[in-house]
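Structural characterization, general
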Amino acid sequence: MADLSLLQEDLQEDADGSLDFVSQDEMLTPLGRLDKYAASENVFNRQMVARTLLDTLREVCDDERDCIAVLERISRLADDSEPTVRAELMEQVPHIALFCQENRPSIPYAFSKYLLPIVVRYLADQNNQVRKTSQAALLALLEQELIERFDVETKVCPILIELTAPDSNDDVKTEAVAIMCKMAPMVGKDITERLILPRFCEMCCDCRMFHVRKVCAANFGDICSVVGQQATEEMLLPRFFQLCSDNVWGVRKACAECFMAVSCATCQEIRRTKLSALFINLISDPSRWVRQAAFQSLGPFISTFANPSSSGQYFKEESKSSEDTSVEDKNRIRDQEVPEDVQIRPEDVSSDPSISNSSVKLENMVEDRAETSGKSPGEISVPMDSSLLCTLSSESHQEAASNENDKKPANYKSALRPEGGTSSPDSALLDQELYNSFHFWRTPLPEIDLDVELEQGCGNTLSPERPEETPEVTIPGSSNITMATRKELEEMIENLEPHIDDPDVKAQVDVLSAALRASSLDAREEASDAEKRSDMQDELGVNELPNCKINHTASVPLISDAVENMDSALRYIHNDSDLSTNSSFSPDEEKRSKVQDVVPQALLDQYLSMTDPSRAQTVDTEIAKHCAYSLPGVALTLGRQNWHCLRETYETLASDMQWKVRRTLAFSIHELAVILGDQLTAADLVPIFNGFLKDLDEVRIGVLKHLHDFLKLLHIDKRREYLYQLQEFLVTDNSRNWRFRAELAEQLILLLELYSPRDVYDYLRPIALNLCADKVSSVRWISYKLVSEMVKKLHMATPPTFGVDLINELVENFGRCPKWSGRQAFVFVCQTVIEDDCLPMDQFALHLMPHLLTLANDRVPNVRVLLAKTLRQTLLEKEYFLTSASCHQEAVEQTIMALQMDRDSDVKYFASIHPASTKISDDAMSTASSTY
């Protein structure tokens, strides 16, 4: 007991001592307390002084001399030997500077005189923590524009230039370069160009410290964006080329990461001629990390080549698009005078766009040839080129073929297949050219048919001096083309049968088999065609064929229009766009189909190779994700006219095994649809969109978040097809994923404008009512908004029968629901309808209010509380119930009076006259709302 009494006495003495200590501090002035603890030997006391400097300034802000005295003590505290005290002081400097700025009239130039020198001096402090804190403080001060421009030029920049001198400490030099780069966007072009840029260029060539070069490379793009195009091209680009070939892979990697920013600061010519080749070197860098960074920057770099005038940024352009051109040209063909020796039958003109587009190109070539030769349309010379004997099923391949033909107008060679050996080297073809799908999978020209009858002999070259040896070229009016003999077809089928396992070969065999059956058509029709051809031969001389070398023993297996009437399988091959696009071309032709002139082809080829499985092993396992992420930007850059270059890549990404890749595409498919336009969207994106709808929830959410954005771009008929699939969004892999259903409700609100009242009632109404009964309150609250907007749309329809039926269903399913949560949902819907003016008040009073007022006798207090809030705070605020002395107003007032006498205190409160006049109302509201 004696020990316990002694302990109590000691504790009492300590308590008395502490009270004396506190009382002594209270007796001191703010400056006295500051001086007392600033002189303390205890480090924590001095840290406390630094932490409370701002509070001390606020206490003495009325007296200018006391403020200056506090700032002077800050200067003395900055000389503290303890790094933690200096670091604590530097953390408070931005806040003190802001206070000085706000009170500038009483303490002018306080920051510039007392605080800024401390910040600048700490940039070279020996302690790393103090330097880091001062760097952060300097950037914060610059960002808030608390440092005058004159101080930046005379106090900040000279110190930084001094710290980056060759004899400076390595760590300090690296940090100073980083500060210079980060402050450049804040100080502007003028200061950066005059004071920072020369030293930055020197640091890019620092041979001793690769860390300095790495910092320069990492911030190169920021400097370029500040100084502009001229300084970038004249001073920075040579340094950038050096950094991109640096011996340290970390420097090259930093260059790859900032390549897009550098490209944005240069002109198109330098971007195309110099930067492209430099970037290709980074993509093929020996270091995997450099290649990885380069491929991640490849898409953004390609996007810098975008030209708004050709990228097709509008979904439905008023000007001519690539799709509209073929239609206009097709109409122009019909209106144009047809040459006498070229007869086009109306029934032969196909509606297929690829066929019509090919016809346009053929007609344009014929017109060009007629103009160059100066002859009338009836005397034109027709060049014998393989592109005239077959048309490509893909529009992109047609464009590539026509462009190639335009480049060689004078020398045309017939790519005819020789039956046996030939002495002409021009007639020799590779094996893959003999039996590639290009020769067999093609849609014939229905308007103009060509036939070549070759005379006996081989290896003869056409010339005007030997007209008797020239083959006769005929353009008959019939749609039939001379077929290869049955023997030739049988031989070709036999040669291909050993390779029947190849899908391409199998398709070719199917086509050849159809051609074999087609060769046995009515002989009388062939005889009549022969008579017509003989008549045409007299009108069109062979002498008009310029420099055309033909293998006389060659024959081409062509498929006529008659095949379309014979075999359904062949018709499927002709019309199937997927097969003709993906499998109908040799490797060389597929490569040519992906050629464009918007960006350097080498860059596009590298981008397309990002889907190669080998890239995932040699570069980055997530390289496909990076490709998918930047694909909309690349598509916008190339424009919809070059979409054929990206179509196969997009389809590959859409079927990637990694769900993260598909998720990335799902989140951006609506943006790609805007870029491509309605026709390409319907042809290429809709199938992929349908696949995403059946994917994992992680992928479906990307489609769902932009469902309205995508569907509004589709034609109304195609859009209605998705009404049947909206119900599927209610089913998720994880039933706890309530955010999925909440997003569905949000999208349905937007989709109301896209569909007719009938469609809304038949398809969207069941989903909305289902969501109103969801287990999660957040989903229900959004669904109430959905139902109210649905009521508004259906009521405005003519006639408003759908709206009345929906209201009756709400009353039946929710207003009379046996569960109290359903009846509460009915009150919520009514409240939303009133707040958003979804119904005229007279219609609301007629259809909904009688059922709403009956809930005043509900046995569950939560329902009555919500009813009281709705009547008092929402319904009675409407002018209809304030001015009209109708029976509806009387019924509402009687209901409110009954609720004011309710046995539940919360119901009484919310039914009172001024529920929001006291603080208790907030508490009551929070209590009531927490129950639902």
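Residues numbered from 1 in each chain as written. Predicted model: local features only at pLDDT ≥ 70, side-chain atom pairs only at ≥ 80, totals over all residues. Heavy atoms only, no water.

Re the UniProt feature "repeat: HEAT" (unreviewed entry) in the protein chain
What UniProt calls "repeat: HEAT" (unreviewed entry) maps, in this numbering, to residues 115-153 and 156-195. Counted over residues 115-153, helix gives 74% and strand 0%. Its end C-alpha atoms are 16 Å apart. Helix makes up 82% of residues 156-195 and strand 0%, whereas the separation of the span's terminal C-alpha atoms amounts to 11 Å. (UniProt positions renumbered as here; feature names shortened; annotations may be inferred. Helix = DSSP H or I, 4+ residues; strand = E, 2+ residues; numbered from the N terminus.)

Looking at the packing of aromatic side chains
Following the criterion strictly, the structure yields 15 aromatic pairs and no others. Aromatic pair F200 and F220: ring centres 5.6 Å apart, planes at 55 degrees, arrangement tilted. With F200 in helix α11 (residues 189-204) and F220 in helix α13 (residues 220-227), this pair connects stretches of sequence that are 20 residues apart. Accessibility expressed as a relative area gives 2% for F200, which makes it buried. (Phe/Tyr/Trp six-rings, centres within 6.5 Å; stacked < 30°, edge-to-face > 60°. Buried < 20%, exposed > 50% of the residue type's maximum accessible area, 1.4 Å probe, protein only.)

Points about the environment of L882
Considering the arrangement of structural elements, one finds L882 in helix α48 (residues 879-883). Excluding residues that lie within four positions of it along the chain, L882 makes contacts with L876, E877 and Q889. (Contact = heavy atoms within 4.5 Å.)

Focus on unusual backbone geometry
Put simply, T798 and P799 share a cis peptide bond, and its omega is -5 degrees. By the element assignment, P799 lies in the loop between α42 (777-796) and α43 (801-815). One non-glycine residue, E145, lies in the positive phi region at around 55 degrees. Within the secondary structure, E145 is located in the loop between α8 (128-143) and α9 (149-163). Residue classification places E145 among the exposed residues on the basis of a relative accessible area of 68%. Phi at D837 is positive, roughly 55 degrees, even though this residue is not glycine. In this fold, D837 is placed in the loop between α44 (820-835) and α45 (841-847).

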